[in-house]
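Chain by chain, the residues:
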Amino acid sequence: MTVLAIAGNGLRRLFRARSNLVFVFALPMLLILVLGLTVGPATPRIGVYVDGPSTPAVDALIDELELVDGADIVSFGDLGEAIDQLEREDIEALVSVPADYGDTIGSGDVVDLTYEVIPGSGGFEVQGFVQAAIARQNATVRATRLVVDETGVPATEADAVVAASAEAGSSIEVATVDADGDSFVKADAVGFVAAQELVLFVFVMSLVLAGALIQSKRLGVTRRMMATAATTTEVVAGEALGRYLVAVVQSAVIVLFTALLFGLDWGSWPATIAIVASFCLVATGAALLIGSVVRNESQSQAVGISIGLAMAALGGCMVPFEVFPDGLRAFAHITPHAWAIDAFTEVVQRGGGLGQIGTELAVLVIYGLVVLAASVVLLRRSITT
């Protein structure tokens, strides 16, 4: 009970300052919200203007464009209106179809089709999909004309033959893999960002909040606790439990926030909870270590932010490991952040469970216990001297 009382008292003092609430909870949520909206899935709006009456070829082109993943096709009867919407970025791209499109497509001549975007907008990102849609239609039309020329059957019958042949043909399966060739069954940019920010903020905020421990010693709160029936072991355990609970609550808020706001599936809940519990142990040990060796609150904030951001950058919390050279990627695993990111990647992105992250969990627990043991020794010494 004494340990719980000390932990509760530490939490009350910690959150009495509203600035701590902002940095522990509001700031991570705001950053994840901004990054999530930035990297989250978007629906490109592609405008289509036809310079002439609609024809079967034009209708087929629009059908092909609608197959662009997530695209929203907007048809325009007036070119001026279409350009106005493009300039206002109400649409990401504008496809202008010439009047002779039906005669040109599939004939072998150059298709004079115009694709317009505003520099800096998202139109260039879907240009390849539009080109692929036109290429598919071109191949279909040429195949139909070949059947007509070789067999003399009507065009409608040739269309049916080509369509049946396409459906009976070999299918192409597309798989998303990482730099190591491992499959991503649930590739999700928001999930990757959320896992990165969770690891980054839990560790950095734990180090920054180590200043509360230094403040307790400076104001004599720790000495007064020692003057009661509380032993040194109970004081240390209470301080450690308080820091651990802060890290766990912060992690839980991030997980629930992203799950409710973005519909993010964190995968196996037992595995996610195990990762959070293990990494919070590491963050708690690091916070106690800073609180034991640093002399004042200002130094703890400077040291905590510097060390926390440096380890986060090296550990893959700011950029994906895929952009790291092989040697740097291996070196990054001297940080607990890299092991936590690996574990989250396996669970959130690949759908793994506890059985697939045993190594990562073992490393995090060992890392945490070693750092915590060292910090407890130093903390006991700083309290009793």
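Residues numbered from 1 in each chain as written. Predicted model: local features only at pLDDT ≥ 70, side-chain atom pairs only at ≥ 80, totals over all residues. Heavy atoms only, no water.

## Brief notes about the overall build of the chain
- Helix and strand content of the chain: 16 helices and 4 strands.
- Considering the chain as a whole, with its 385 residues, one finds that 44% of them fall into the buried category.
- Restricting to contacts in the chain with at least 6 residues of sequence separation, those with at least 24 account for 75%.
- Carbon and sulfur atoms provide 61% of the accessible area of the chain, an area that totals close to 19,300 Å². (Helix = DSSP H or I, 4+ residues; strand = E, 2+ residues; numbered from the N terminus. Buried < 20%, exposed > 50% of the residue type's maximum accessible area, 1.4 Å probe, protein only. Contact = heavy atoms within 4.5 Å. Areas by Shrake-Rupley, 256 points an atom, 1.4 Å probe, with all protein chains shown as cover.)

## Section: the sheet that holds strand β3 (residues 93-97)
- If you trace the 4 strands from one edge of the open sheet to the other, you get β2-β1-β3-β4, paired in mixed fashion. Every other strand in the sheet has two partners, leaving β2 (72-76) and β4 (114-116) as the edge strands with one partner each. For this sheet, the mean angle separating the axes of adjacent strands, direction not counted, is 20°.
- For β3 and β4, the ladder comprises 3 bridges, and the chain directions are antiparallel. Across the sheet, V95 pairs through a bridge with Y115, a residue of β4.
- This element, helix α4 (residues 79-87), spans β1 (45-50), β2, β3 and β4 of the sheet and lies at about 160° to β3. (Pairing = 2+ DSSP bridges. Axes fitted to C-alpha atoms, helices over the stretch in contact; angles between N-to-C directions.)

## A few points about the packing of helix α11 (residues 232-261) against helix α12 (residues 269-293)
- Direction vectors running N to C along α11 and α12 enclose 140°, while the axes themselves pass 9 Å from each other. Judged on the interaxial angle alone, α12 and α11 are oblique. Every pair of crossing elements has a handedness; the one defined by α11 and α12 is right-handed. Each of E239, A240, R243, Y244, A247, V248, S251 and V255 in α11 lies in contact with α12, whose residues at this interface are W269, V276, A277, C280, L281, T284 and L288.
- Of the residues contributing to the contact of α11 with α12, the split by class is 11 nonpolar, 2 polar and 2 charged. (Parallel < 35°, antiparallel > 145°, perpendicular 65-115°, else oblique. Left-handed = near helix turned anticlockwise from the far one by under 90°. Nonpolar A, V, L, I, M, F, W, Y, C, P; charged D, E, K, R; others polar.)

## Details of a nonpolar patch on the surface
- Nonpolar side chains collect at one region of the surface, where I305, L309, M318, V319 and V323 lie side by side and expose about 400 Å² of accessible area between them.
- As for its placement among the helices and strands, V319 is situated in the loop between α13 (297-314) and α14 (326-331). (Patch = residues over 30% accessible without salt bridge, like charges linked within 9 Å, V, L, I, M, F, W, Y side chains within 5 Å. Salt bridge = Lys/Arg side-chain N within 4 Å of Asp/Glu carboxyl O.)

## What to know about the pairing of β3
- Most of β3 is tucked away: 5 of the 5 residues are buried.
- Of the two faces of β3, the one holding A93, V95 and V97 and the one holding L94 and S96 are both buried throughout.
- For β1 and β3, the ladder comprises 5 bridges, and the chain directions are parallel. Looking across to β3, one finds that I46 is bridged to A93.

## A look at helix α3 (residues 56-65)
- Looking only at α3, the buried set comprises A57, V58, L61, I62, E64 and L65. End-on view of α3: buried residues confined to an arc of 160°, all on one side of the axis. (Arc of directions from axis to C-beta.)

## Remarks on the environment of I275
- Mapped onto the elements of the fold, I275 is located in helix α12.
- For the pair I275 and V365, spaced 90 residues apart in sequence, the C-alpha separation works out to 9.5 Å.
- Beyond its immediate chain neighbours, meaning those up to four positions away, I275 contacts A340, A343, F344, V347, I357 and L361.

## Section: the environment of W339
- Position of W339 among the secondary structure elements: in helix α15 (residues 336-349).
- C-alpha of W339 to C-alpha of T359: the two residues are 20 residues apart in sequence and 8.8 Å apart in space.
- Dropping the residues within four chain positions of it, W339 is found in contact with H333, T359, E360, V363 and L364.

## Overview of the environment of E89
- Here E89 lies in the loop between α4 and β3.
- The class for E89 is partly exposed, based on a relative accessible area of 47%.
- Spatially, the C-alpha atoms of E89 and I118 are 7.6 Å apart, while their sequence positions differ by 29 residues.

## Some remarks on the nonpolar core
- F203, W266 and F344 are the most contacted members of the largest nonpolar core, which totals 49 residues.
- Those elements that place two or more of their residues in this core are α8 (189-208), α9 (210-218), α11, α12, α13, α15 and α16 (358-384).
- Looking at which element gives the most residues to this core, the answer is α8, with 12 residues.
- Once residues within four sequence positions are removed from consideration, F203 is found in contact with F279, V282, A283, A286, G308, M311 and H337. (Core = buried A, V, L, I, M, F, W, Y, C linked by side-chain atoms within 4.5 Å.)

## Side note on the packing of aromatic side chains
- Per the stated rule, a full pass over the model turns up 3 aromatic pairs.
- Each ring, one from W266 and one from F344, has its centre 5.7 Å from the other, and the planes form 70°; the classification is edge-to-face. Of the two residues, W266 sits in the loop between α11 and α12 while F344 sits in helix α15, which places them 78 residues apart along the sequence.
- Residue classification places W266 among the buried positions, given a relative accessible area of 0%.
- Ring plane angle 85° and centroid distance 5.4 Å describe the contact between F321 and F324, whose orientation is recorded as edge-to-face. (Phe/Tyr/Trp six-rings, centres within 6.5 Å; stacked < 30°, edge-to-face > 60°.)

## Observations regarding the side chain of S292
- In this structure, S292 sits in helix α12.
- Side-chain polar atoms of S292 contact the backbone oxygen of L288, separated by 2.6 Å. (Polar contact = N/O pair within 3.5 Å; in protein donor to acceptor, adjacent residues only side chain to side chain.)

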